[in-house]
Amino acid sequence: MKRFIGFVTKEFYHIFRDKRTMFILFGMPIAQIMLFGFAITNEINNVNIAILDKSKDAETQKIINKISSSKYFKINEEITNENQIESVFKRGKVKAVLVFEKDFIKNIQTIKQAKVQVITDATDPNVANTISNYVNAILLNYTQEINKNNKSSHQIQTQTQLYYNPELKSIFTFVPGVMTIILMLVSAMMTSISITREKELGTMEVLLVSPLKPFQVIIGKVFPYIFLSIINAAIILLLGFFVFGMPIEGNLFLLAFESVLFITTALSLGILISTVSNSQQTAMMLSLMGLMLPVIILSGFIFPVSSMPLPLQIISNIIPAKWFIIIIKAILLKGATISVIWKETLILIGMTVFFIAISVKKYKIRLE
């Protein structure tokens, strides 16, 4: 029995001395419960909206103040005419526009009824529905307050209009999201495993001293995956278009360019993962565990980033998938041009350059 107790004690010592084992046992569960607890929510917070106030009277200003004082909405812009609505949606600055009719206070006082139009960006159907419900709740609360001191009953009617996805088809969200996840995971994982395999077998050193330049060796290893990932992207888009009726409103050449750029970013991330991996198993774990959860949760694919706590919003900015989802939704559903998505494009280019630069430094590759 003493031998058995000694053996068990030895195993405890081995576990406690291994930092990686301790991280897997305690670090990952804590990180996951914190991530899931704060990020996974159907609520919306701090959603950017725009206001089109045709009446500009004291009553509409009270309603605007009540909406802006809630934790759910943040007034990002005040527009002056209806022609600006589509442009603010295309820029991705706001998720909804509230339109107050002309003579709002006059209608409230005379016919006891006024209208507010709630126009939402329905590229994310769940968020659009939630925004409409929250606005209706705030307006209902406001009418209840003003009716307390009045014998007659006042009403504020809301009219909902959905941009880009009037039927609220969830497939319009899932096709861009699934495409992003597949390209990110397949490109990064297959690249990291491919290069790590050469390191694990000891053939990387042979390749690096071959007549090919080291940089050419790395490019040669990842080039086939660029081609295969492009085929994957094309298949997903074709299935989405012909089977599920996914619209492609934007320029096909711009869509192709942005897809290749994101694939390149994912591949460069895979190269970076291979620099810190000594085995294929490690590379696979880093690619799956290190990328899958952030891509699904922090990219805005399922849960709106604006509703997450500020630290998670900041972390989401380093997730390439977040920027590609913004780009591909803008091209597919809104018909956006490069003038609208140039910032997101530059961010992806910057990430690609950064990943490659770090990888080059790690592998001590000299560019000639």
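A quick note: this is a predicted structure, and the numbers were derived from the prediction, not measured.

1. What to know about the overall build of the protein chain
Thinking step 1. Each helix and strand counted, the protein chain has 14 helices and five strands in total.
Thinking step 2. Within the span of the protein chain, comprising 368 residues, buried residues form 44% of the whole.
Thinking step 3. For the protein chain, long-range pairs separated by at least 24 residues make up 77% of all intrachain contacts whose partners lie at least 6 apart in sequence.
Thinking step 4. In the form shown here, the protein chain has an accessible surface area of approximately 19,900 Å², with 64% of it arising from carbon and sulfur atoms.

2. A closer look at the UniProt feature "transmembrane region" (unreviewed entry) in the protein chain
Thinking step 1. The positions that UniProt labels "transmembrane region" (unreviewed entry) are, in the present scheme, residues 21–40, 171–195, 222–246, 252–273, 285–306 and 340–360.
Thinking step 2. Along residues 340–360, the helical share is 100% and the strand share 0%, with 32 Å between the first and last C-alpha atoms.

3. As for the packing of aromatic side chains
Thinking step 1. This model, assessed by the stated rule, comprises nine aromatic pairs.
Thinking step 2. Consider the rings of Phe 89 and Tyr 164, whose centres lie 6.4 Å apart with planes at 75°: the pair is edge-to-face. Here Phe 89, found in helix H4 (residues 85–90), pairs with Tyr 164, found in the loop between strand S5 (155–163) and helix H7 (171–201); they are 75 residues apart in sequence, far enough to count as distant.
Thinking step 3. Look at Phe 89 and you get buried, because its relative accessible area is 0%.
Thinking step 4. Their ring planes at 75° and their centres at 5.7 Å tell us that Phe 100 and Phe 104 sit as a pair that is edge-to-face.
Thinking step 5. Through pairs of rings, three or more aromatic residues link up here, namely Phe 89, Tyr 163 and Tyr 164.
Thinking step 6. Sitting above the plane of the Trp 323 ring, Lys 322 keeps its charged end 4.6 Å from the centroid.

4. Some thoughts on the nonpolar core
As a rule of thumb, soluble globular proteins bury nonpolar side chains together.
Thinking step 1. Ranked by size, the top nonpolar core spans 60 residues in total, and within it Ile 85, Phe 89, Val 97 and Met 179 carry the most contacts.
Thinking step 2. Two domains each donate at least three residues to this core, and these are domain 1 (2–40 + 169–362) and domain 2 (47–148).
Thinking step 3. In contact with Met 179, other than residues within four places in its own chain, are Ala 233, Ile 236, Leu 237, Ser 259, Phe 324 and Ile 328.
Thinking step 4. Among the nonpolar cores identified, the runner-up in size contains 25 residues, and Ile 44, Phe 104, Ala 114 and Val 118 belong to it.

5. Overview of the sheet that holds strand S3 (residues 96–100)
The strands making up a sheet associate through backbone hydrogen bonding, with each pair oriented either parallel or antiparallel.
Thinking step 1. Taken in spatial order, the five strands make up an open sheet running S2-S1-S3-S4-S5, and their pairing is mixed. Of all strands in the sheet, those bounded by a partner on one side alone are strand S2 (73–78) and S5. Taken over all neighbouring pairs, the strand axes of this sheet differ in orientation by 30° on average, direction set aside.
Thinking step 2. Pairing between strand S4 (residues 113–121) and S5: nine bridges, direction parallel. From the neighbouring strand, Gln 117 faces S5, where its bridge partner is Gln 159.

6. Overview of the side chain of Asn 165
Thinking step 1. On the secondary structure map, Asn 165 appears in the loop between S5 and H7.
Thinking step 2. Among residues more than four places away in sequence, those in contact with Asn 165 are Ala 122, Pro 125 and Phe 172.

7. Describing the side chain of Asp 124
Thinking step 1. Looking at where Asp 124 falls in the secondary structure, it is placed in the loop between S4 and helix H6 (125–148).
Thinking step 2. In this structure Asp 124 touches Thr 173 and Lys 329, once residues within four positions along its chain are discounted.

8. Quick word on the packing of H7 against helix H13 (residues 320–334)
Thinking step 1. Contact geometry for H7 and H13: axes closest at 10 Å, N-to-C directions at 140°. Here H7 lies oblique to H13, going by the angle between them. The handedness of the crossing between H7 and H13 comes out as right-handed. Across the interface between the two elements, Phe 172, Thr 173, Pro 176, Gly 177, Met 179, Thr 180, Leu 183 and Met 184 of H7 pack against Pro 320, Ala 321, Phe 324, Ile 325, Ile 328, Lys 329, Leu 332 and Leu 333 of H13.

9. A look at the environment of Trp 323
Thinking step 1. For Trp 323, the location among the structural elements is in helix H13.
Thinking step 2. The exposure class of Trp 323 is buried, given its relative accessible area of 12%.
Thinking step 3. The spacing of Trp 323 and Gly 300 is 23 residues in sequence and 9.3 Å in space, taken between C-alpha atoms.

Reading guide: rules and limits
Residue numbers restart at each chain and count upward from 1, following the sequence in its written direction. For this predicted model, a pLDDT threshold of at least 70 governs which residues receive local features, and a threshold of 80 or more governs which side-chain atom pairs are given and counted, while totals over whole chains, interfaces and linings are taken from all residues. Hydrogen atoms and water are omitted, and side-chain values are computed over all heavy atoms in the structure. Helical segments are the DSSP runs of H or I of at least four residues, strand segments are the runs of E of at least two, and each set is numbered from the N terminus. Think of it in three bands: residues with accessible area under 20% of the maximum for their type are buried, residues over 50% are exposed, and the middle band is partly exposed, with areas taken using a 1.4 Å probe on protein chains only. Only heavy atoms enter the contact rule, under which two residues are in contact if any of them lie within 4.5 Å. Only the protein chains shown count as cover for residues, with accessible areas throughout obtained via the Shrake-Rupley method and a probe of 1.4 Å. UniProt positions are given in the numbering used here, feature names are shortened, and annotations may be inferred rather than shown by experiment. When two rings of Phe, Tyr or Trp (its six-membered ring) have centres within 6.5 Å they constitute a pair, described as stacked for plane angles under 30 degrees, edge-to-face for angles over 60, and tilted for the intermediate range. Charge over a ring is defined by NZ of Lys or CZ of Arg lying within 6 Å of the ring centre and within 35 degrees of the ring normal. Only buried residues count toward a nonpolar core. Its members are Ala, Val, Leu, Ile, Met, Phe, Trp, Tyr and Cys residues joined through side-chain atoms within 4.5 Å. Bear in mind that the domain bounds are from an automatic or database domain assignment. In this scheme, strands are said to pair when DSSP sees at least two bridges between them. Whenever a helix is involved, its axis is fitted only over the stretch in contact; in every case the axis is a line through C-alpha atoms, and angles between N-to-C directions fall within 0 to 180 degrees. Orientation labels follow simple angle bins: below 35 degrees gives roughly parallel, above 145 gives roughly antiparallel, 65 to 115 gives roughly perpendicular, and whatever is left gives oblique. What makes a crossing left-handed is the near helix being turned counterclockwise from the far one by less than a right angle; a clockwise turn instead makes it right-handed.

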